[in-house]
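Residue-level listing of the chains:
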Amino acid sequence: MANYGGYPYQYNAPSAPPMTGSSAWQRPQSPAPGRYPQGYGQAYPPTAPPVAYGGAGYFPPGTPPDIVSCFQMVDRDFSGFIDERELQAALCSGYHPFSMRTVRLLMFLFNSTGDSSKIGPNEFVALWTCLGQWRAIFERFDRDRSGKIDAGELRDALLSLGYAVPPTVLQVLLSKYQNNVQYGAQGVLNFDSFVECGLIIKGLTDKFKEKDPRYTGSATISYDSFMLMIIPFIAC
């Protein structure tokens, strides 16, 4: 079983890979080895206060113009909100192609608008920053520069974030993408599926920590709570 040692914990939504750095817009650096305890991951840094955009949403101050442009390009009705199809188009045109399954998971994790089918500028910027952090992690552990992550590289990447994921769990994750041409060769993950795996691990760990306030690595939960915890991550 992974070691879930006690340490100060700060919960922040939405779920995003925890990286160090004073600016939300700088390319994040990988965590220093040994800086954080293993098992439960790290806390996500707070975001800057938002500023108004279009009367319907917010862009944090200092948002790079290219991120603003990507959002406005797909927000054709100028409502200040975009749906999952528009988000997928924005990411494909300005960042990286993502499957609809990953896009829906991102929508679920980052939505704070009150409408689960849409996100606004503030959520879009946080999502974009999150993906940049996952990209930095992916590039660090894609040691052969193949554009794919194998089982060993995935284990090391998650461990660097504080997630001591057992080998059996890693194999279950990897098997989800085996023999599927959309996700590449058997036993490896491209960036899209790596992001999905990472978000599932972090998101479920955060949910489990809510049930394990003493960080013992064990929790007692009801059947209903278990289903409500798991289903949103597997039904995207």
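Criteria and thresholds
Residues numbered from 1 in each chain as written. Predicted model: local features only at pLDDT ≥ 70, side-chain atom pairs only at ≥ 80, totals over all residues. Heavy atoms only, no water. Phe/Tyr/Trp six-rings, centres within 6.5 Å; stacked < 30°, edge-to-face > 60°. Helix = DSSP H or I, 4+ residues; strand = E, 2+ residues; numbered from the N terminus. Buried < 20%, exposed > 50% of the residue type's maximum accessible area, 1.4 Å probe, protein only. Arc of directions from axis to C-beta. Core = buried A, V, L, I, M, F, W, Y, C linked by side-chain atoms within 4.5 Å. Contact = heavy atoms within 4.5 Å. Axes fitted to C-alpha atoms, helices over the stretch in contact; angles between N-to-C directions. Parallel < 35°, antiparallel > 145°, perpendicular 65-115°, else oblique. Left-handed = near helix turned anticlockwise from the far one by under 90°. Nonpolar A, V, L, I, M, F, W, Y, C, P; charged D, E, K, R; others polar. Salt bridge = Lys/Arg side-chain N within 4 Å of Asp/Glu carboxyl O. Lys, Arg positive; Asp, Glu negative; His and termini not counted. Expected span 1.5 Å × (residues − 1). Polar contact = N/O pair within 3.5 Å; in protein donor to acceptor, adjacent residues only side chain to side chain.

In total, this model carries eight aromatic pairs according to the counting rule given. Taken together, a centroid distance of 5.7 Å and an interplanar angle of 85 degrees make the contact between Phe-59 and Phe-71 edge-to-face. Remark: Phe-71 occurs in helix α1 (residues 65–74) and Phe-59 occurs in strand β2 (residues 57–59); sequence separation between them is twelve residues. By the burial criterion, Phe-59 is buried, and Phe-71 matches it. Members of the aromatic cluster, connected to one another through ring pairs, are Phe-98, Trp-134, Phe-138, Phe-191 and Phe-194.

Take α1 next. Among all positions in α1, only Ile-67, Val-68, Cys-70, Phe-71 and Val-74 are buried. Buried residues of α1, viewed axially, fall in a sector of 160 degrees; they line one side.

Our next topic: the nonpolar core. The biggest cluster of nonpolar side chains holds 50 residues, and the ones touching the most others in it are Leu-87, Phe-124, Trp-134 and Phe-194. Listed by contribution, the elements that provide at least two residues to this core are α1, α2 (84–94), α3 (100–110), α4 (121–141), α5 (151–160), α6 (167–175) and α7 (191–211). For this core, the leading source of residues is α4, giving eleven residues. The contact partners of Phe-124, leaving out residues within four places of it in the chain, are Ile-67, Cys-70, Phe-71, Ile-82, Leu-87, Ala-90 and Ile-119.

The next point concerns the packing of α1 against α2. Where α1 contacts α2, the axes come no closer than 9 Å and their chain directions differ by 135 degrees. In terms of axis orientation, α1 runs oblique to α2. Where α1 crosses over α2, the two elements pack in a sense that is right-handed. In this structure, α1 contributes Cys-70, Met-73 and Val-74 to the contact, and α2 contributes Glu-86, Ala-89, Ala-90, Ser-93 and Gly-94. Grouping the constituent residues of the contact of α1 with α2 by class yields five nonpolar, two polar and one charged.

As for its position among the elements, Phe-226 is in helix α8 (residues 223–234). By relative accessible area, which is 40% here, Phe-226 ends up partly exposed. Taking C-alpha positions, Phe-226 is 9.4 Å from Phe-208, a pair spaced 18 residues apart along the chain.

The next point concerns the pattern of salt bridges. Using the criterion set out here, one finds six salt bridges in the structure. One salt bridge connects Asp-156 with Arg-143, and the closest N-O pair in it is separated by 3.4 Å. Residue Asp-156 is located in helix α5, and its partner Arg-143 is located in the loop between α4 and β3 (149–150); the two are separated by 13 residues in the primary sequence. Asp-156 sits in the partly exposed class, given a relative accessible area of 22%. Lys-202 is the partner of Asp-206 in a salt bridge, and the nearest nitrogen-oxygen pair spans 2.9 Å.

Okay, unusual backbone geometry next. Look at Phe-78: it is not a glycine, yet its phi comes out positive at around 55 degrees. With respect to the helices, strands and loops of the structure, Phe-78 is situated in the loop between α1 and α2. The phi dihedral of Arg-145 falls on the positive side, at around 55 degrees, and the residue is not glycine. For Arg-145, the position within the fold is in the loop between α4 and β3.

You can see Glu-153 is positioned in helix α5. Although Glu-153 lies buried, it forms no salt bridge, and the closest oppositely charged side chain, Arg-143, sits 4.9 Å away as judged by the N-O distance.

Moving on: α7. An α-helical turn contains 3.6 residues, so any two residues separated by three or four positions project in the same direction. If you check α7, its first and last C-alpha atoms are 31 Å apart, about what 21 residues at 1.5 Å a residue would give, namely 30 Å. Counting buried residues in α7 gives 16 out of 21 residues, a clear majority hidden from the surface. Structurally, the start of α7 carries an N-cap: the backbone nitrogen of Asp-192 is 3.3 Å from a side-chain oxygen of Asn-190.

Two elements in contact, α4 and α7, have axes separated by 10 Å at closest approach and are oriented at 110 degrees. By the angle class used here, α4 and α7 are roughly perpendicular. Facing α4, whose interface residues are Cys-130, Leu-131, Trp-134, Arg-135, Ile-137 and Phe-138, α7 presents Phe-191, Phe-194, Val-195, Gly-198 and Leu-199.

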